[in-house]
Amino acid sequence: MSDANFIQRIAESIQIHANARQVYGDPVERDGTTIIPVARVQWGFGGGGIGRGAAERGGGGGGARAYPAGFIHLRNGEAEFRPIHDASVVALAAVGIGGLIAGLALAKILRR
C-alpha cells in the first residue's frame, strides 16, 4: 500500500467518525423550529516508515475529538448561531490573565 493510499484511508475514517452527527445525532425539528447541532472537531494523524523491500517497517496513528460549539436555530426563514460557552474555558482564561497581571506587577515592584 502506498503512503498516499494509507493517508487517504485514515482521512476518510476520521471524516466518517469525527463530526457533529456522531456527537449529537441528527438535527431536530419541532413546531416549525429546527435545531442543528454544531461541534468543533479536531484531528491529527501521522505515520512513517524505515527500510526497503521485505525489511520495510512502518506505522501510523491518529486521533480525533469533538466537543460542543453551539447550535443553529432555524425558524420562520431566519437562521441564528447560538454558541455554547464552556465556563471552565472562561475561568481558565481569567486565571491566566490574572497570573499575567500579577507577574507584571511583581516584576515592576522588584525593579525598584
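Source: prediction; values computed, not measured. (Residues numbered from 1 in each chain as written. Predicted model: local features only at pLDDT ≥ 70, side-chain atom pairs only at ≥ 80, totals over all residues. Heavy atoms only, no water.)

### A closer look at the overall build of the protein chain
Line of reasoning, step 1. Within the protein chain, the regular secondary structure consists of three helices and four strands.
Line of reasoning, step 2. Ordered by position from N to C terminus, the α and β elements of the protein chain give α-α-β-β-β-β-α.
Line of reasoning, step 3. Among the 112 residues that make up the protein chain, the fraction classed as buried is 9%.
Line of reasoning, step 4. Within the protein chain, residue pairs in contact and separated by at least 24 positions form 43% of the contacts whose partners lie at least 6 positions apart. (Helix = DSSP H or I, 4+ residues; strand = E, 2+ residues; numbered from the N terminus. Buried < 20%, exposed > 50% of the residue type's maximum accessible area, 1.4 Å probe, protein only. Contact = heavy atoms within 4.5 Å.)

### A word on the pairing of strand β3 (residues 57-75)
Line of reasoning, step 1. Where strand β2 (residues 33-50) and β3 come together, 18 bridges link them in antiparallel fashion. From the neighbouring strand, V41 faces β3, where its bridge partner is A66.
Line of reasoning, step 2. As paired strands, β3 and strand β4 (residues 78-83) are joined by six bridges and run antiparallel to one another. From the neighbouring strand, H73 faces β4, where its bridge partner is E80. (Pairing = 2+ DSSP bridges.)

### Considerations on the side chain of H73
Line of reasoning, step 1. Relative to the helices and strands, H73 is located in strand β3.
Line of reasoning, step 2. Under the relative-accessibility criterion, H73 is labelled buried at 16%.
Line of reasoning, step 3. If we ignore the near neighbours within four places in the chain, the residues touching H73 are T33, T34, I35, E78, A79, E80 and R82.

### Some thoughts on the pairing of β2
Line of reasoning, step 1. Relative to β2, strand β1 (residues 28-30) runs antiparallel, the two being bridged by three bridges. Its bridge partner being in β2, E29 is matched across the sheet by T34.
Line of reasoning, step 2. Between β1 and β2, which follow one another and run antiparallel, lie two residues, and D31 among them has a positive phi close to 50 degrees.

### Details of the sheet that holds β3
Line of reasoning, step 1. With antiparallel pairing, the four strands of this open sheet are ordered in space as β1-β2-β3-β4. Each edge of the sheet is formed by a strand with only one pairing partner; in this case those strands are β1 and β4. Between one strand axis and the next, the sheet turns by 25 degrees as a mean value, whatever way the strands run. (Axes fitted to C-alpha atoms, helices over the stretch in contact; angles between N-to-C directions.)

### Section: unusual backbone geometry
Glycine aside, residues mostly have negative phi, and peptide bonds are mostly found in the trans state.
Line of reasoning, step 1. The phi angle at D31 is positive, at roughly 50 degrees, despite the residue not being glycine.
Line of reasoning, step 2. Assignment of secondary structure puts D31 in the loop between β1 and β2.
Line of reasoning, step 3. Note on D31: relative accessible area 75%, which makes it exposed.
Line of reasoning, step 4. The phi dihedral of N76 falls on the positive side, at around 55 degrees, and the residue is not glycine.
Line of reasoning, step 5. Looking at where N76 falls in the secondary structure, it is placed in the loop between β3 and β4.
Line of reasoning, step 6. Since its relative accessible area comes to 67%, N76 is described here as exposed.

### Let's talk about the confidence of the model for the protein chain
Line of reasoning, step 1. Scored by pLDDT, the protein chain has a mean of 76; 76% of the residues are at 70 or more.
Line of reasoning, step 2. Least confident of the elements in the protein chain is helix α2 (residues 20-24), whose mean pLDDT is 67; most confident is β4, at 92. (pLDDT = per-residue confidence, 0-100.)

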